[in-house]
Amino acid sequence: MHPYTDSGSKDTRSGFGEGLLHLGKTNPQVVALCADLTGSLKMDAFAAEFPERFFQTGIAEAHMIGMAAGLTIGGKIPFTGTFANFSTGRVYDQIRQSVAYSGKNVKICASHAGLTLGEDGATHQILEDIGLMKMLPGMTVISPCDFNQTKAATMAIAAHNGPVYLRFGRPKVPNFTSPDAPFVIGKADVLTTGKDVTICAYGHLVWEALKAADALEAKGIHAEVINFATIKPLDIQTLLASVRKTGRVVTAEEHQRNGGLGDAIGQVLAMHYPTPMEMVAVNDSFGESGTPAELLTKYGLDAANIEAAADRVLLR
Amino acid sequence: MAAHIQDIPSQVRRDILRMVHAVQSGHPGGSMGCTEFFVALYFDVLRHNPRPFNMDGPGEDLFFLSNGHISPVFYSVLARSGYFSIDELKTFRKLNSRLQGHPTTHEGLPGVRIASGSLGQGLSVAVGAAQAKKLVGDDRLIFTLHGDGELQEGQIWEAALYAGAKKVDNLISTIDANGQQIDGSTDDVMPMGDIGAKFAAFGWDVMHIENGNDLEAIRHGLRTAISKTGHGKPICIVMRTAMGYGVDFMAGTHKWHGIAPSDDQLTAALAQLPETLGDYPA
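What you are looking at is a predicted structure, and each value in this text was computed from that prediction instead of being measured.

**Brief notes about the overall build of chain A**
Consideration 1: Helices and strands together make up the secondary structure of chain A, namely 12 helices and 14 strands.
Consideration 2: The globule rule puts the C-alpha radius of gyration for 316 residues at 20 Å, and the 19 Å found for chain A is close to it.
Consideration 3: Its C-alpha atoms put chain A at 60 × 40 × 35 Å along the principal axes.
Consideration 4: By residue count, 62% of the 316 residues in chain A fall in the buried class.
Consideration 5: Sequence separation of at least 24 residues holds for 81% of the intrachain contacts in chain A that already meet a minimum separation of 6.

The following block contains the structure:
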């Protein structure tokens with residue numbers, strides 16, 4: 001059995017909120033902007049404690065991104081907050097020109113990503129954001145797996161000079177990483193060691209991958225679960241070291257198959273170490289209303305689906 | 001440096017036409033219409049330090065060009081006010097140049113603080129820079145320029161609403177009201193109505209410069225605008241210009257928005273524009 005225990009389920013967005021508040025107290029250059037979702041993004045504590053460094057833009061995401069780019073001119077480190085859909089797809093050209101191409105030190109922080117947003121349905125359940133962001137030259141893309149890691153990642157990206165997309169979510173999920181673990185951008189964490197199959201996941205699906213590893217273990221299959229919280233830049237070294245050992249790969253993500261972590265890993269393996277691979281992801285469809293658990297099951301993203309993908313890849 | 005600021009616009013227009021002609025691409029019309037504005041700003045009004053260029057610009061007035069396609073006038077005035085060598089103007093739009101078709105920070109060209117080209121984004125950036133100045137108690141100002149056609153972009157009005165509502169009163173935004181855009185006159189493509197009234201309705205202090213190709217009128221207008229800052233409202237200047245101003249066969253039509261002059265047209269145009277400061281070497 002994997003050695004991780006849930007210390008009490010929490011939402012990753014609250015990890016962001018705590019990290020941002022900590023930054024407010026420790027780094028005077030950090031400022032925050034929000035487009036009318038302060039409570040949903042858990043930015044209210046920062047806004048209350050540092051009102052002069054908090055900018056409420058109203059429901060105007062394009063303006064928020066541009067304004068954040070402008071705030072960097074003068075040395076501020078702006079953190080923007082809204083839902084993942086409105087953080088990326090809605091403002092893609094603003095991010096492309098005013099942030100990425102202009103090389104501005106903006107931290108785009110996005111909650112309610114993926115299917116696990118739940119009942120609001122497909123208008124809000126963006127499954128393309130990782131792909132959109134990782135295509136932009138110079139953009140760092142991060143999606144932590146739990147509350148503790150989201151808090152650590154929020155603090156880490158303030159110390160990184162350059163644009164970052166930080167993705168997190170709405171539901172309470174198991175909180176199992178160490179509260180003291182520093183977040184290292186670009187470093188994947190091997191959570192369990194195994195010789196038979198490598199399971200690469202990020203975000204909410206890391207816990208599902210650990211559950212799948214337990215189920216596989218019961219069948220005598222030893223899975224190596226790696227948390228790819230940084231999707232770009234990809235930790236190629238850790239990936240190849242594991243795959244050279246296992247010779248089989250499953251990727252798991254709450255995202256479209258096109259443009260996601262599986263794409264990135266498939267590209268690396270095709271060039272450096274061609275390996276049989278299965279991809280657990282949404283396959284060219286939109287989501288719908290439902291509970292997070294129902295949606296993960298219907299769209300084939302839960303632990304049982306990761307386990308089945310491992311079984312399939314072992315037959316190849 | 002010119003002995004007289006009045007000598008500069010003619011030279012800037014020569015730069016614009018020669019740059020665009022050399023690569024047979026670029027946007028001369030709007031550039032020529034805004035020449036007096038840029039000269040007044042960079043050679044009279046802005047409190048700025050061209051060298052060494054500091055991206056953050058503490059203690060400096062900052063300018064953001066939102067309608068980035070008029071890069072030729074921007075580059076000419078940046079070079080001639082000391083941000084980089086005027087020789088570099090000959091690299092405009094060529095491979096491996098810092099003078100990209102539209103302005104960008106990406107190649108490290110001094111004087112440019114944000115990429116622009118995709119329209120409608122510069123006002124938001126300027127609002128952010130203005131708020132950054134306020135946060136540190138820097139009393140210098142933020143200036144922007146926008147095309148009138150550019151105001152058709154929705155983000156402009158997001159930013160305008162914010163700046164008015166949040167009292168961003170260290171910001172002076174000028175609208176180049178030349179009444180032209182690529183597909184024709186703004187009245188034909190998408191009538192803009194009363195631009196000043198729109199900004200006033202969004203909480204801005206609005207002024208007008210009726211002859212935006214009169215250098216003294218712009219110098220006076222910008223000084224008046226500066227006197228209005230710090231009173232709880234951003235300042236909007238609606239500046240009436242003629243696209244292509246300075247060359248008789250180019251003035252007042254959208255035809256020269258994005259068209260380069262031929263060899264004969266360049267010769268005819270340069271004959272109308274005295275070489276006051278010395279051309280950059282071809």
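**Here's the deal with the sheet that holds strand 14 (residues 277–282) of chain A**
Residue and element names in this part refer to chain A.
Consideration 1: The 5 strands lie next to each other as 9-11-10-13-14, forming an open sheet whose pairing is mixed. One side of each edge strand has no neighbouring strand; the edge strands of this open sheet are strand 9 (189–190) and strand 14.
Consideration 2: In terms of strand pairing, strand 13 (residues 249–256) meets strand 14 through 5 bridges, oriented parallel. Considered in strand 14, the bridge of Val-250 is made with Glu-278.

**Details of the nonpolar core**
Residue and element names in this part refer to chain A.
Consideration 1: If you look at the biggest cluster of nonpolar residues, it comprises 183 residues, and the most contacted ones within it are Ile-199 and Ala-209.
Consideration 2: Per element, the largest residue contribution to this core is 8 residues, and it comes from helix 8 (residues 205–218).
Consideration 3: Two domains each provide a minimum of three residues to this core, namely domain 1 (10–173) and domain 2 (189–315).
Consideration 4: Setting aside residues no more than four positions away along its own chain, Ile-199 makes contact with Ala-209, Ala-212, Ala-213, Ala-223, Glu-224, Val-225, Val-250, Ala-252, Ile-306 and Ala-310.

**With respect to the packing of helix 3 (residues 35–45) of chain B against helix 9 (residues 215–228) of chain B**
All names here are of chain B.
Consideration 1: It is the contact of helix 3 with helix 9, at a shortest axis distance of 9 Å, that shows an interaxial angle of 55 degrees. Looking at the two axes, helix 3 sits oblique to helix 9. Relative to helix 9, helix 3 is oriented so that their crossing is right-handed. Each of Glu-36, Phe-37, Val-39, Ala-40, Leu-41, Asp-44 and Val-45 in helix 3 lies in contact with helix 9, whose residues at this interface are Leu-215, Ile-218, Arg-219, Leu-222 and Arg-223.
Consideration 2: Across the contact of helix 3 with helix 9, the residue classes tally to 8 nonpolar, no polar and 4 charged.

**With respect to helix 3 (residues 61–72) of chain A**
Three or four residues apart is the spacing at which side chains of an α-helix point the same way, because the helix has 3.6 residues per turn.
All names here are of chain A.
Consideration 1: Here helix 3 contains 12 residues, and its C-alpha end-to-end distance of 17 Å stays within 8% of the 16 Å for a straight helix at 1.5 Å per residue.
Consideration 2: Taking burial as the measure, the 12 residues of helix 3 include 12 buried ones, the bulk of the element.
Consideration 3: For helix 3, every residue scored as buried is listed here: Glu-61, Ala-62, His-63, Met-64, Ile-65, Gly-66, Met-67, Ala-68, Ala-69, Gly-70, Leu-71 and Thr-72.
Consideration 4: The first or second residue beyond helix 3 is Gly-74, which carries a positive phi of 125 degrees.

**What to know about the interface of chain A and chain B**
Consideration 1: Contacts between chain A and chain B engage 23 residues on the former and 28 residues on the latter.
Consideration 2: For the side of chain A that touches chain B, the secondary structure elements donating two or more residues are helix 3 and helix 5 (92–101) of chain A.
Consideration 3: Per-element accounting of the side of chain A that touches chain B gives the leading share, 8 residues, to helix 3 of chain A.
Consideration 4: Looking at the side of chain A that touches chain B, its residues break down into 9 nonpolar, 11 polar and 3 charged.

**A few points about the domain arrangement of chain A**
Residue and element names in this part refer to chain A.
Consideration 1: Domain annotation for chain A reports domain 1 (10–173) and domain 2 (189–315).
Consideration 2: In this structure, domain 1 and domain 2 have C-alpha centres spaced 25 Å apart.
Consideration 3: Taken together, the contact pairs 26 residues of domain 1 with 28 residues of domain 2.

**Focus on the packing of helix 5 (residues 122–135) of chain B against helix 6 (residues 154–165) of chain B**
Residues and elements named next belong to chain B.
Consideration 1: At a minimum axis separation of 8 Å, helix 5 and helix 6 run at an interaxial angle of 25 degrees. Considering the angle they form, helix 5 stands roughly parallel to helix 6. In the packing of helix 5 onto helix 6, the handedness of the crossing is left-handed. On helix 6, the residues that touch Leu-123, Ser-124 and Val-127 of helix 5 are Gln-155, Ile-156, Ala-159, Ala-160, Tyr-162 and Ala-163.

Cut-offs applied
- Residues numbered from 1 in each chain as written.
- Chains lettered and ligands numbered in written order.
- Predicted model: local features only at pLDDT ≥ 70, side-chain atom pairs only at ≥ 80, totals over all residues.
- Helix = DSSP H or I, 4+ residues; strand = E, 2+ residues; numbered from the N terminus.
- Rg over C-alpha atoms; globule rule 2.2 N^0.38 Å.
- Buried ≥ 20, exposed ≤ 12 C-beta atoms within 10 Å, placed from the backbone.
- Contact = placed C-beta atoms within 7 Å.
- Pairing = 2+ DSSP bridges.
- Core = buried A, V, L, I, M, F, W, Y, C linked by C-beta atoms within 7 Å.
- Domains from an automatic or database assignment.
- Axes fitted to C-alpha atoms, helices over the stretch in contact; angles between N-to-C directions.
- Parallel < 35°, antiparallel > 145°, perpendicular 65-115°, else oblique.
- Left-handed = near helix turned anticlockwise from the far one by under 90°.
- Nonpolar A, V, L, I, M, F, W, Y, C, P; charged D, E, K, R; others polar.
- Expected span 1.5 Å × (residues − 1).

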